[in-house]
Number of protein chains: 4
Amino acid sequence: MIANPIPWPNGARCAVAMTWDMDADSAFNWYNQATADNLVAAQSWTRYDPLIAIPRLVEHFARRDLRLTFFVPGWVIEKYPAQIDLLLEHGHEIGLHGYLHERSNEIAAEDERYWLDRALAAYEKQIGRRPRGWRAPSFAFSKHSLGYLLDRGFEYDSSLMGDDIPYALREGASGRSLIELPVDWTLDDFPHYAHNRDLGYRMPIAAPQRAHEVFRSEFDAAWEYGGLWISVWHPALSGRPARFKAALELLDHMHAKGGVWFARLDEICDHVRQLIASGRWTPRSETLPLYESPLPEFARDR
Amino acid sequence: MIANPIPWPNGARCAVAMTWDMDADSAFNWYNQATADNLVAAQSWTRYDPLIAIPRLVEHFARRDLRLTFFVPGWVIEKYPAQIDLLLEHGHEIGLHGYLHERSNEIAAEDERYWLDRALAAYEKQIGRRPRGWRAPSFAFSKHSLGYLLDRGFEYDSSLMGDDIPYALREGASGRSLIELPVDWTLDDFPHYAHNRDLGYRMPIAAPQRAHEVFRSEFDAAWEYGGLWISVWHPALSGRPARFKAALELLDHMHAKGGVWFARLDEICDHVRQLIASGRWTPRSETLPLYESPLPEFARDR
Amino acid sequence: MIANPIPWPNGARCAVAMTWDMDADSAFNWYNQATADNLVAAQSWTRYDPLIAIPRLVEHFARRDLRLTFFVPGWVIEKYPAQIDLLLEHGHEIGLHGYLHERSNEIAAEDERYWLDRALAAYEKQIGRRPRGWRAPSFAFSKHSLGYLLDRGFEYDSSLMGDDIPYALREGASGRSLIELPVDWTLDDFPHYAHNRDLGYRMPIAAPQRAHEVFRSEFDAAWEYGGLWISVWHPALSGRPARFKAALELLDHMHAKGGVWFARLDEICDHVRQLIASGRWTPRSETLPLYESPLPEFARDR
Amino acid sequence: MIANPIPWPNGARCAVAMTWDMDADSAFNWYNQATADNLVAAQSWTRYDPLIAIPRLVEHFARRDLRLTFFVPGWVIEKYPAQIDLLLEHGHEIGLHGYLHERSNEIAAEDERYWLDRALAAYEKQIGRRPRGWRAPSFAFSKHSLGYLLDRGFEYDSSLMGDDIPYALREGASGRSLIELPVDWTLDDFPHYAHNRDLGYRMPIAAPQRAHEVFRSEFDAAWEYGGLWISVWHPALSGRPARFKAALELLDHMHAKGGVWFARLDEICDHVRQLIASGRWTPRSETLPLYESPLPEFARDR
């Protein structure tokens, strides 16, 4: 089923990285720049994430001895430093997730760079080192993003959707590359739970057991075929009690099945780099940018 | 699971407030101000609420000796006084829900005040006292709402989404506060049942048993972890026979499980105030407004 | 559960009218007036209704000795006369459904009248008598519709959503009235099955067994409480084999439960009129128009 | 259930053609002509189709000795020739699917012709012969399409939705015709799985077992009544491991049931032509164009 199977550590059948995007009120502000100050219910809803869900997640993952990856925008790092400290104290990885959850592929290249550097500054000031991983807010990875990330020493990205296992993103011009740890909307919780006009999302709300049919079927396939299961969950959605209980039950299911490598994304990145260095496995490589401009086929004077 | 657990009366495991928003034809008029007079099917659909569903609800809750909270816009109080009397005679609480289901965070501050005072006048004229609780129509709580509510003596709000249990809303400037009894779209019935172009909602329509998977999973979690379950249901949706039957079955499930405190929101407000006064429990407090203006980060001349 | 229970014939527990709106390509043309000639896939999809589904329905209902009500726009009557004849030969009722599936509440009053009279002419020419019942296309009943229908001798309407059982629509000015046999989006098949950009509908497509959870729960409640179950189904959707098989299974379920009066809407109308005439039951009455104009509360100079 | 039942080969109860639309990044470019170069996540998601899913599909269908039909745009044939070769080596049919997934009914007739000829050139150059079958991208078959297809020697189309079994499309002016092998949105995987803002689709994501309730119910009905089951699946959606596993399980279900003719569309086309030639069965015929222009009923000066 998987063409170029990756050997997971200790003969594990698959890897599971339950990652969380701790957006707090950043995305909501980005999408409502002129009116967010007046949308108090959405403010409260988005702040459930850092104020209520994050401590809950930390407590329950500690009980299970799990260390996960959380992607956090720089502005959120600045606004909720206690939560960042709590995550770090418990061994979680903080990946970078923009500054204000900006859509990098809808803004000018210089603006993308501006927000990225501001996010990095916030990260370094609070955390004291540079991040190793990046997830583009809203998966809005631009044609400039790879170069900017490489320039700033990022080692992996987790925003693209091109495979079931890790692969390499290679910058065509320079030959530099980083590791892509791919995601898919299928393992995002927004399509199942998000219903909020102020976030521009009005999905029918699934019961936890229905949403987890999706998440579990993806896990079962990863387990059967040797894949990489990466959730993209949001504390304000999947951190609510009924849903988080279902998430813990999914972990139980994974544990019971056995042969699962539970890992942070930085650990998966390290593993991939070691495989490459030792020559045990070579990832598929994609070269970016795929297009430098809109397709010439659409030019008016064809 | 809940960081600052609230002691419920008589050692109950959780509190359940099955609240209903009796919008009747108010919201439909607000959203179709220029054309509502010509949308006769939607008129009939929205009036099912006061004319058919309200007497049904009153009868069945009386049989079960339940007294609930209904949020009603002032204009609906004026138009359907017999239904208001019926609700009051059976011990239900009437909370205020705007005048014409206005979206307070999309209108000028003076307009918000105008509608609020007109709603209060309608309430007092019909009911003879002031309301204790408020739910912002469409959850559209503005940055001015808290001050306006405090000025007018409201004791609690039930529009925000920042916790699983009651918390305090504190006005930064004055230090005054009221009790927040939080909701979430997850316990609203619109995402499951609403399909009506004239209301701007076209969700796939869930069977009662599917919608109740969501409502029940939220209850089961509240019961397990000590939460507060507040439904935001609408008589024109959940008051239809098949759905109302499912709602009654959910009540049976709750009763059978035991240890549930069924309460009106004013009773929960009283309980919270007594806990505070006696020093037995202190709610988490949120200070408003969170922002006075759009984020300066978005200013053009950054 | 039902405040003013209606006695059904022979002590039946409930009435079932499985009605179908045979729109064929009318609605699709109305909604794509400038481009429909170029939307060939939608043309084929909408013509599945008269060309494939209608003969199928007629055959299977004949086997079960069922006579139903079909609402058909005048333009469809003109274009598909063989199907109309087939329906009539098998004892089905043809109700009127506009001329070109026009949205009567979005056009001028004189245009509403124009299409209505053109539809009536088409009906009379093909069928040789006047229709007894009306369903407004898209349920878009206008504030003028009741008067127009009364002027033209209609005896019942089936477009409004104000009750679980028949009621009376009374014209305020004249005191004339007709019988309303109410529907609800819940028993329409569009929210469950319709996914077609050219019809402006993109719902997730439910399996027949899931859609029928909704339809059956509504039936079970009608059976338990004495209601009137009226489906609003479309041959191009519910007439496809897998879905029609589920519809037939629902009929089996209804038969097995027993005590169901299967009827055409004209028969239900007759029954209601006889109840009224004999004084055995009086329907609730709604007076129209509810509003003559937009609410004065919204006037600028309030 | 089916009025004019078609005899399938060897007395099979039904025919199954599991067809796939290998769009790769073509549709995404068409719908985002000015911005696609900057939408890197969508690029990666759409390229999962040729790079990951196609080899997987080929391998698993080879194991089951299945030869299927894949519809591929000309631009995709040019960009991914190795995948085309792989498909052809394994006996799969390549049908044509536009050049850049253009919506033929939204562009000028001369542009439709331009893209069609460019697509044909790409097909012939890579594959060395002309395609026998066509599926209009996005099912956007225009009123000109039939003539253009006939002029270029196409033998069948699989874009329209007018029946449960094959039928004939006849060009009114010339009397020429081709075979229509009809589809329906019900057997497309987009309504169940597609959630991607850059493709303009945000459906709730169904679990494979839920989506397959739909696909299987359609198969079971085809099997019971003698129909033709044609899936319209996309490698980037249904080619993901969990979903593809479900697809393979559906094949198991079909095999276990027995009496199924698994065929490519060209084989079904051949079968239909032989039936016609031998006089054993005559398909229903639809004449196109249905309308030459918008309906005169809508003319302003009616």
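Reading the values: the criteria
- Per chain, the residues get numbers from 1 upward, laid out in the order the sequence is written.
- As a convention, the first chain written is A and the first ligand written is 1, with the rest following in written order.
- Local features in this predicted model are restricted to residues whose pLDDT is 70 or higher, and side-chain atom pairs enter the listing and the counts only when it is 80 or higher, whereas totals over whole chains, interfaces and linings include all residues.
- Side-chain measures were taken over the full set of non-hydrogen atoms in the model, leaving aside hydrogen atoms and water.
- Only DSSP runs of H or I reaching four residues or more are called helices, and only runs of E reaching two or more are called strands; each is numbered from the N terminus.
- Our radius of gyration looks at C-alpha atoms and nothing else; its globule reference is 2.2 Å times the residue count to the power 0.38.
- Throughout, exposure labels follow a simple rule: accessible area from a 1.4 Å probe, protein chains only, divided by the maximum for the residue type, with under 20% read as buried, over 50% as exposed, and the rest as partly exposed.
- The criterion used for residue contact is that any of the two residues' heavy atoms lie within 4.5 Å.
- Centres within 6.5 Å are what make two rings of Phe, Tyr or Trp a pair, Trp counting through its six-membered ring; a difference in plane orientation under 30 degrees is then read as stacked, over 60 as edge-to-face, and the rest as tilted.
- The copies were overlaid with a least-squares fit restricted to C-alpha atoms from residues scoring a pLDDT of at least 70 in each copy.
- Any two strands are treated as partners once DSSP identifies two or more bridges connecting them.
- Simply put, the buried area is the total loss of 1.4 Å probe accessible area from both parts when two parts are fitted together.
- By definition here, a salt bridge exists when the distance from a side-chain nitrogen of Lys or Arg to a carboxyl oxygen of Asp or Glu is within 4 Å.
- Polar contacts, as used here, are pairs of N or O atoms within 3.5 Å; protein pairs need one atom able to donate a hydrogen and one able to accept it. Residues neighboring in sequence count only if both atoms are side-chain atoms.
- As a per-residue measure, pLDDT reflects the predictor's confidence and takes values from 0 up to 100.
- When two cysteine sulfur atoms lie within 2.5 Å, the pair is treated as a disulfide.
- Each residue is assigned to one of three groups, with Ala, Val, Leu, Ile, Met, Phe, Trp, Tyr, Cys and Pro labelled nonpolar, Asp, Glu, Lys and Arg labelled charged, and all others, Gly among them, labelled polar.
- Here an angle of 0 to 180 degrees is reported between the N-to-C directions of two axes, which are lines fitted to C-alpha atoms, with helices fitted over the stretch in contact.
- Between 65 and 115 degrees an angle is taken as roughly perpendicular, under 35 as roughly parallel, over 145 as roughly antiparallel, and anywhere else as oblique.
- Multiplying 1.5 Å by the helix residue count minus one yields the expected span of that helix.
- Each C-beta atom gives one direction from the helix axis, and the arc is the one those directions make.

> Help me understand the overall build of chain A, please; the structure alone is not making it clear to me.
Counting secondary structure elements, chain A contains 11 helices and 12 strands. Computed over its C-alpha atoms, the radius of gyration of chain A comes to 19 Å, within 12% of the 19 Å expected for a compact globule of 302 residues. Residues counted as buried form 67% of the 302 residues belonging to chain A. Across chain A, every contact between residues at least 6 apart in sequence was considered, and the portion connecting residues at least 24 apart equals 72%.

> Where do I start with the packing of aromatic side chains in this structure?
Geometrically, a pair of aromatic rings is defined through the distance of the ring centres and the angle of the planes. In total, this model carries 56 aromatic pairs over all chains according to the counting rule given. Between C:Tyr114 and C:Trp115, the aromatic rings sit 5.0 Å apart at their centres with planes inclined by 70°, giving edge-to-face as the arrangement. On the basis of relative accessibility, which here comes to 28%, the residue C:Tyr114 falls in the partly exposed class. Looking at C:Trp115, the relative accessible area reads 3%, which means it is buried. On the basis of an interplanar angle of 80° and a centroid distance of 5.0 Å, the ring pair of D:Phe190 and D:Tyr201 is categorised as edge-to-face. Taken together, the residues span a long stretch of sequence, with D:Phe190 in helix H7 (residues 190–193) and D:Tyr201 in strand E9 (residues 201–202) at a distance of 11 residues. Across this residue pair, the class does not change: D:Phe190 and D:Tyr201 are buried.

> What exactly am I supposed to notice about the relation of the copies chain A and chain D here?
Each copy of the chain is related to the other by a rotation around an axis and a translation along that axis. Of the transformation placing chain A onto chain D, the axial shift is 0.0 Å and the rotation is 90°, giving an RMSD of 0.0 Å. A rotation of that kind, with that shift, is consistent with a four-fold axis. Distance from the rotation axis, computed per C-alpha, reaches its smallest value in chain A at A:Pro204: 5.0 Å. An asymmetric contact is evident, with only 7% of the interface residues of chain A recurring at the interface of chain D.

> Which parts of the structure should I look at to understand the pairing of strand E1 (residues 14–21) of chain B?
Within a regular strand, side chains alternate between the sheet's two faces. All names here are of chain B. Counting buried residues in E1 gives 8 out of 8 residues, a clear majority hidden from the surface. The side-chain alternation of E1 yields two buried faces, one formed by Cys14, Val16, Met18 and Trp20 and the other by Ala15, Ala17, Thr19 and Asp21. Sheet topology places E1 next to strand E11 (residues 260–262); 3 bridges connect them, and they run parallel. Its bridge partner lying in E11, Val16 is registered against Phe262. As paired elements, E1 and strand E10 (residues 228–233) share 6 bridges and run parallel to each other. Within E10, the residue paired with Thr19 across the bridge is Val232. Where E1 lies against strand E2 (residues 69–72), 2 bridges are found, and the strand directions are parallel. Looking across to E2, one finds that Asp21 is bridged to Phe71.

> Would you mind showing me how to read the pairing of strand E7 (residues 177–180) of chain D here?
All names here are of chain D. By the bridge criterion, 2 bridges tie strand E5 (residues 156–157) to E7 in an arrangement that is parallel. Within the sheet, the bridge partner assigned to Asp157 lies in E7 and is Glu180. One ladder, built from 4 bridges, connects strand E6 (residues 167–171) with E7; its direction is antiparallel. Of the residues in E7, the one forming a bridge with Tyr167 is Glu180.

> Just to check I follow, could you spell out the interface of chain A and chain D for this structure?
Accessible area lost upon the coming together of the parts is a frequently used measure of interface size. Listed as interface residues are 45 residues of chain A and, on the opposing side, 47 residues of chain D. Carbon and sulfur atoms supply 54% of the area that chain A and chain D bury against each other, a total of about 4,200 Å² over both sides. Summed over the shared surface of chain A and chain D, the result is 8 salt bridges. For A:Glu218, the salt bridge goes to D:Arg240, with nearest N and O atoms at 2.7 Å. Connecting chain A to chain D are 22 residue pairs in polar contact (both at pLDDT 80 or more). Every element with two or more residues in the side of chain A that touches chain D is listed here: helix H7 (190–193), helix H8 (208–225) and strand E12 (285–288) of chain A. Residue contributions to the side of chain A that touches chain D peak at 8 residues, all from H8(A).

> Got a minute to help me understand the confidence of the model for chain A in this structure?
Do not read the predicted coordinates in detail wherever pLDDT is low. Of the residues in chain A, 99% have a pLDDT of 70 or more, and the chain-wide mean is 97. The complex prediction reports pTM at 0.97, with the ipTM value standing at 0.97.

> Mind showing me how you'd approach the state of the cysteines here?
Every disulfide links exactly two cysteines, by a covalent bond between their sulfur atoms. The tally for this structure, following the rule as stated, stands at 0 disulfides over all chains. Here B:Cys269 is not cross-linked by a disulfide; its sulfur's nearest cysteine counterpart is in B:Cys14, at 19 Å.

> Help me understand the interface of chain B and chain C, please; the structure alone is not making it clear to me.
Counting from both sides, the interface comprises 47 residues of chain B and, opposite them, 45 residues of chain C. Here chain B packs against chain C, burying approximately 4,200 Å² in sum over the two surfaces, 54% of which is carbon and sulfur. Viewed at the interface, chain C and chain B are joined by 8 salt bridges. Along the contact surface separating chain B from chain C lie 22 residue pairs in polar contact (both at pLDDT 80 or more). For the side of chain B that touches chain C, the secondary structure elements donating two or more residues are helix H1 (26–31), helix H2 (40–63), helix H3 (74–79), helix H5 (109–127), strand E8 (195–196), helix H8 (208–225) and helix H10 (241–257) of chain B. Top contributing element to the side of chain B that touches chain C by residue count: H2(B), with 11 residues. Class assignment of the residues belonging to the side of chain B that touches chain C gives a composition of 25 nonpolar, 9 polar and 13 charged.

> Is there a simple way to explain the arrangement of the chains in this structure?
Here chain A and chain C are not in contact; the least distance found between their C-alpha atoms is 10 Å. In this assembly chain B lies apart from chain D, the nearest approach of their C-alpha atoms being 10 Å.

> Is there a simple way to explain the relation of the copies chain B and chain C in this structure?
Least-squares fitting of chain B to chain C yields an RMSD of 0.0 Å, with the transformation described by 0.0 Å of translation along the axis and a rotation of 90°. The share of interface residues of chain B whose copies in chain C are also at the interface is only 6%, consistent with the copies meeting through different surfaces.

> Would you take a moment to explain the packing of helix H8 (residues 208–225) of chain C against helix H8 (residues 208–225) of chain D for this structure?
If you want to describe how two helices pack, look at the angle between their axes and the distance between the axes. Two numbers describe how H8(C) lies on H8(D): the axes approach to 8 Å, and their chain directions differ by 100°. In this view, H8(C) runs roughly perpendicular relative to H8(D), as classed from their interaxial angle. Here C:Pro208, C:Gln209 and C:Arg210 of H8(C) lie close against H8(D), whose contacting residues are D:Arg210, D:Glu213 and D:Ser217. A class-by-class count of the residues in the contact of H8(C) with H8(D) yields 1 nonpolar, 2 polar and 3 charged.

> What's the story with H5(B) in this structure? I'm lost.
Turn by turn, an α-helix covers 3.6 residues, leaving residues three or four places apart pointing in a common direction. Residue and element names in this part refer to chain B. Helix length check: H5 (19 residues) gives 27 Å between terminal C-alpha atoms against 27 Å at 1.5 Å per residue, within 8%. All of the buried residues in H5 are Glu112, Trp115, Leu116, Ala119, Leu120, Ala122, Tyr123 and Ile127. Around the axis of H5, the buried residues are gathered within 160° of arc, so they sit on the same side. Turned more than 90 degrees away from the buried face of H5 sit Glu110 and Lys125, all of them exposed.

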